[in-house]
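Reading the structure
Residue-level listing of the chains:
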Amino acid sequence: MADSSLVSLPGKRKRTEVDEEATSDVEHPTRSGDIWFEDGNIILQADNIQFRVHRSVLSNHSNFFKDLFMVPQPERELMTDNCSLVKMPDAAQDWQNLLAIVYHNLNPHRIYKSTDKLPFPILVSMLRLGKKYQFDHFRDDALERLKVDLPAKLADWECVFDVDAGGVDDESPGWYTFNNEVDVINIALEVGIQSILPIVYYLCLSNHDLAIIFDGLPRIDGTTARLHPDSQRVLVLGREKVIRAMLKHTYRWLKAKKIVPCEICVTQEKCSEARIQALESGLPSFSSEVHVALDTLNSKYTKGFCRPCTLASIEAHEAGRQKVWQELPSYFGLPEWENLNDFAS
């Protein structure tokens, strides 16, 4: 059954039209310009915005509202415009975003695809209200969209982020921008999504310095996205673990004399000297640039190698990347990939 504690019910009084006393705590409620249907039979109010919608539509998409509308309504039910008025303790923009999708997709099977481009704020609303009010298919579709751009497999990661080109693939249909990492972390923690956390933690460390982690990430609208102190701690500790793993796994071959020169090296002395030079030139990056932990091997590090040593270094580097990817969740205090849960709480 629905948990009525999620909505704010009026005080003890008989069913009546909203009057000055009933609305003394809300100044001048405003009708939504898009979500106001004259044949609607219930009004949801979030902040000062009212949405006139249909019980049947809400029930069709949400088990919460389906259960709620089955409960006999008390005499103290508040009315306005001959409709029941329910005050929602949520941001009006979240309801605007979700109801716009609901009414543009009346077919339960949905006319939009989860791989379509969707603005990040829309995804946030789908996740937040989807979980809270059991709009399960919208919640799940939003998560599926996030997973497309924040995959759990290294091969998929390479396709989405075009690691050989050094950034996000311009052809990717995703929501991702370099100004979303903090907000993604926050919504994932808010609604209980673990599956995307290893990647978004890694992206946050790759794209931003410690000042951003502690001071916040400016948004396009001029506001600042800030992390909870617990998340800051996870990132700071995780950064050190990623850097250690990078040296231990991804670039281990640069320190391993048995890999370069390799057993079939044709110019052992030359390849050995080239490896030492590559190690010395790469150390500054290995100690500070988190993103190189999952980068494919840059050809500058194999300059001067014979072909057998080049192939051996590529193979060793790829094995190291795979190991870092496998261990990535553990660097941030998370379970192994296969044990990451979503919406568990």
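Data block above holds the structure.
Below is a summary of the structure that appears in this document. (Residues numbered from 1 in each chain as written. Predicted model: local features only at pLDDT ≥ 70, side-chain atom pairs only at ≥ 80, totals over all residues. Heavy atoms only, no water.)

Brief notes about the packing of aromatic side chains
Note the cut-off: Working definition: a ring pair exists when centres of Phe, Tyr or Trp rings (six-membered ring for Trp) sit within 6.5 Å. Plane angles under 30 degrees give stacked, over 60 give edge-to-face, the rest tilted. Per the convention used, a helix needs a DSSP run of H or I reaching at least four residues, while a strand needs a run of E reaching at least two, with both numbered from the N terminus. Only protein chains enter the accessibility calculation, which uses a 1.4 Å probe; a residue is then buried when its area is under 20% of its type maximum, exposed when over 50%, and partly exposed in between.
A complete count under the given rule lists 17 aromatic pairs for this structure. Look at W253 and F305: their rings are 6.2 Å apart centre to centre, the planes differ by 90 degrees, and that puts the pair in the edge-to-face class. Of this pair, W253 sits in the loop between α10 (229-250) and α11 (268-286) while F305 sits in the loop between α11 and α12 (307-331), and the two are 52 residues apart along the sequence. Taken individually, W253 and F305 each receive the classification buried, so the pair is uniform in this respect. Clustering of aromatic rings is evident, with ring pairs tying together F64, F65, F69, W95, Y133 and F135.

Points about the pattern of salt bridges
As a reminder, the rule being used: What counts as a salt bridge is simple: a side-chain nitrogen of Lys or Arg found within 4 Å of a carboxyl oxygen of Asp or Glu.
Considering all chains together, one arrives at 13 salt bridges under this definition. Across the salt bridge formed by D149 and R145, the nearest N and O atoms sit 3.0 Å from each other. Of this pair, D149 and R145 both sit in helix α5 (residues 136-149), separated by four residues, roughly a single helical turn. With respect to class, D149 is no different from R145; both count as buried. Several salt bridges share partner residues, and in doing so they unite D94, R128 and E190 into one network.

Section: helix α2 (residues 63-70)
Note the threshold: Contacts are assigned to residue pairs that have any heavy atoms within 4.5 Å of one another. Polar contacts here mean pairs of N or O atoms no more than 3.5 Å apart (in protein, one a potential hydrogen donor and the other a potential acceptor; neighbouring residues in sequence count only if both atoms are side-chain atoms).
Those residues of α2 that sit buried are F64, F65, D67, L68 and F69. Considering only its buried residues, α2 is in contact with β3 (42-46), α1 (55-61), β6 (83-88) and α3 (92-104). One side-chain oxygen at the N-terminal end of α2 lies 3.2 Å from the backbone nitrogen of F64; it belongs to S62.

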